[in-house]
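# Summary of structural features
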Amino acid sequence: MPVLDPIPQSLTVQSAIETRRSIRQYHPDMPRSHLLEILRLATLAPSAFNAQPWRFAVVENPELKEQLKAVSYNQSQITSAPYTIVVYSDAEDTLKTAVETSHPHFGEEGKVRQVQSIEKSLSKLSVQERARWGDTQANIVLGILMVAARGLGYDTVPMMGFDQTKVKQLLGLPDHVIITALLPIGRAAELGRPHHRHSLERVTRFY
Ligand SMILES: Cc1cc2nc3c(=O)[nH]c(=O)nc-3n(C[C@H](O)[C@H](O)[C@H](O)COP(=O)(O)O)c2cc1C
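The text that follows walks through the structure, step by step, so that each part is easy to find.

Calculation criteria
- Residues numbered from 1 in each chain as written.
- Predicted model: local features only at pLDDT ≥ 70, side-chain atom pairs only at ≥ 80, totals over all residues.
- Heavy atoms only, no water.
- Near = heavy atom within 4 Å.
- Polar contact = N/O pair within 3.5 Å; in protein donor to acceptor, adjacent residues only side chain to side chain.
- Areas by Shrake-Rupley, 256 points an atom, 1.4 Å probe, with all protein chains shown as cover.
- Nonpolar A, V, L, I, M, F, W, Y, C, P; charged D, E, K, R; others polar.
- 1 Å grid on protein atoms, 1.4 Å probe; cavity = no way out; pocket = protein on both sides within 12 Å on 5 of 7 lines; lining within 4 Å.
- Points joined across faces, edges and corners; volume = space filled by probe spheres on them.
- Buried < 20%, exposed > 50% of the residue type's maximum accessible area, 1.4 Å probe, protein only.
- Helix = DSSP H or I, 4+ residues; strand = E, 2+ residues; numbered from the N terminus.
- Arc of directions from axis to C-beta.
- Contact = heavy atoms within 4.5 Å.

Before going further, it helps to spend a moment on the site of the ligand. Taken together, the neighbourhood of the ligand is formed by 13 residues, with Ser-22, Arg-24, Gln-75, Gly-161 and Arg-197 sitting nearest. At 2.7 Å from a nitrogen atom of the ligand is found a side-chain nitrogen or oxygen belonging to Gln-75. In the model, an oxygen atom of the ligand is placed 2.8 Å from a nitrogen or oxygen of the Arg-197 side chain. A total of 620 Å² of accessible area belongs to the ligand in isolation, and the protein chains cover 63% of it. Taken together, the residues of the shell around the ligand break down into four nonpolar, five polar and four charged.

Laid out in structure tokens, this is it:
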């Protein structure tokens with residue numbers, strides 16, 4: 001996808017990760033082309049069978065952002081950011097559209113195999129189990145999304161503080177989907193807090 005507005009900066013992976021902090025106050029400007037490039041990079045994430053169960057609902061309309069904030073414990077980062085990305089997964093749509101995800105390298109036979117493999121694995125699960133399967137993978141995209149945003153000079157804050165049912169109703173999303181997180185995104189208008197983390201020794205074991 002062509003990026004029409006020049007990207008302000010591009011950080012190394014290391015500095016993107018080091019400098020990412022949760023940001024809750026934003027400047028209002030962000031070209032849509034930059035947002036689309038960040039989303040495109042995130043969709044290069046891996047997924048089981050390459051099934052890509054993640055979906056994005058981008059909220060930019062000011063009135064809708066106010067309504068989204070109201071069902072997210074009034075967290076003001078939603079209205080401060082130029083966009084809030086609702087990262088969700090739709091395993092039912094994934095199951096229905098499995099043929100689209102077959103790699104062209106494998107040709108027509110590959111399409112048949114792809115549909116069979118996905119159906120074999122997913123159709124034995126309940127709708128809820130499939131939804132959890134999709135959510136796991138949408139979490140991978142969420143992580144990459146935050147690093148991609150920072151790498152291109154933008155900031156985010158992942159949010160689980162929202163009412164799952166009410167956000168689905170507001171956006172007209174089907175009941176069976178799981179919303180992984182809300183992700184306000186834009187240019188930081190505050191510094192955020194320095195990282196405070198467990199030591200590696202506390203969280204790592206070698207066997
Ligand atoms: C799954 C998840 C849910 C979170 N939910 C919220 C939230 O609802 N509101 C908020 O302000 N921050 C939320 N955060 C941000 C965390 O508070 C933040 O990541 C953490 O304090 C570490 O700070 P840092 O992101 O600046 O390194 C969430 C983070 C994660 C990963």
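With that out of the way, let us pick up the layout of surface pockets. Of the volumes computed, that of the largest pocket is approximately 150 Å³. Forming the boundary of the largest pocket are Arg-20, Arg-21, Ser-22, Arg-24, Gly-192, Arg-193, Pro-194, His-195, His-196 and Arg-197.

Once that is clear, we can look at helix H3 (residues 62-70). Every buried residue of H3 is listed here: Lys-65, Leu-68 and Lys-69. Considered in projection along H3, the buried side chains sweep an arc of 100° and stay on one side of the axis. When the buried face of H3 is taken as reference, the exposed residues oriented beyond 90 degrees from it are Glu-63 and Ala-70. Here the buried face of H3 lies against strand S2 (54-59), helix H4 (77-80), strand S3 (83-89), helix H8 (164-171) and strand S5 (178-188). Here H3 starts with a cap whose side-chain oxygen sits 2.9 Å from the backbone nitrogen of Glu-63, and that cap is Asn-61.

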